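Structural overview for review
Chain by chain, the residues run as shown.
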Amino acid sequence: MAIDKKPKLMKTEFSLSAPRAKSVFIAGSFNQWNLSAHPLKQDKKGVWKLSLPLGPGRYEYRFLVDEQWQNDPNCSSFIENPFGTLNCLKIVG
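Overview of the structure. (Residues numbered from 1 in each chain as written. Predicted model: local features only at pLDDT ≥ 70, side-chain atom pairs only at ≥ 80, totals over all residues. Heavy atoms only, no water.)

Section: the nonpolar core
If you look at the biggest cluster of nonpolar residues, it comprises 19 residues, and the most contacted ones within it are Phe14, Val24, Ile26, Phe30, Tyr61 and Phe63. Looking at this core, the elements that each hand over two or more residues are strand 1 (10-17), strand 2 (24-28), strand 4 (47-54), strand 5 (57-65) and strand 8 (86-92). With sequence-adjacent residues up to four places away left out, tyrosine 61 is seen in contact with Phe14, Ile26, Ala27, Gly28, Phe30, Trp33, Asp72, Cys75, Asn87, Cys88, Leu89 and Lys90. (Core = buried A, V, L, I, M, F, W, Y, C linked by side-chain atoms within 4.5 Å. Buried < 20%, exposed > 50% of the residue type's maximum accessible area, 1.4 Å probe, protein only. Helix = DSSP H or I, 4+ residues; strand = E, 2+ residues; numbered from the N terminus. Contact = heavy atoms within 4.5 Å.)

Here's the deal with the state of the cysteines
Applying the stated criterion across every chain yields a total of zero disulfides. Cysteine cysteine 75 shares no disulfide, and the gap to the nearest cysteine sulfur, in cysteine 88, comes to 4.3 Å. Overall, the relative accessible area of 11% leaves cysteine 75 in the buried class. Accessibility expressed as a relative area gives 0% for cysteine 88, which makes it buried. (Disulfide = S-S within 2.5 Å.)

Observations regarding the pattern of salt bridges
Throughout the structure, instances matching the rule amount to one salt bridge. Two residues, lysine 49 and aspartate 43, come together in a salt bridge whose shortest N-O distance is 3.5 Å. We classify lysine 49 as partly exposed; its relative accessible area is 43%. (Salt bridge = Lys/Arg side-chain N within 4 Å of Asp/Glu carboxyl O.)

Details of the environment of lysine 11
If you trace the backbone, lysine 11 turns up in strand 1. Separated by 30 residues in sequence, lysine 11 and lysine 41 have C-alpha atoms that sit 16 Å apart. Filtering out sequence-adjacent residues up to four positions away, lysine 11 remains in contact with Ser51 and Leu52.

Function-wise, these values are silent; they only describe arrangement.
Put into structure tokens, the structure is as follows:
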């Protein structure tokens, strides 16, 4: 009898340099595009950071910086969204 293993969650880092921003959130397929579920914290250098435990898979996401959508400048993979813009693509695992 096979034992069902839960997929291993991996600590996945997100960061954005935005020294003048007042607030930065991340929304994506991992949180049903909830705009307020995951606020990032700003360090002394103006870099906003967040670490999320994500299972293996493909995740679309974008940053919400002071209520304006922004892509991750560190992301190299993108996928078109239904609004005619691009979402960042993070592959975990």
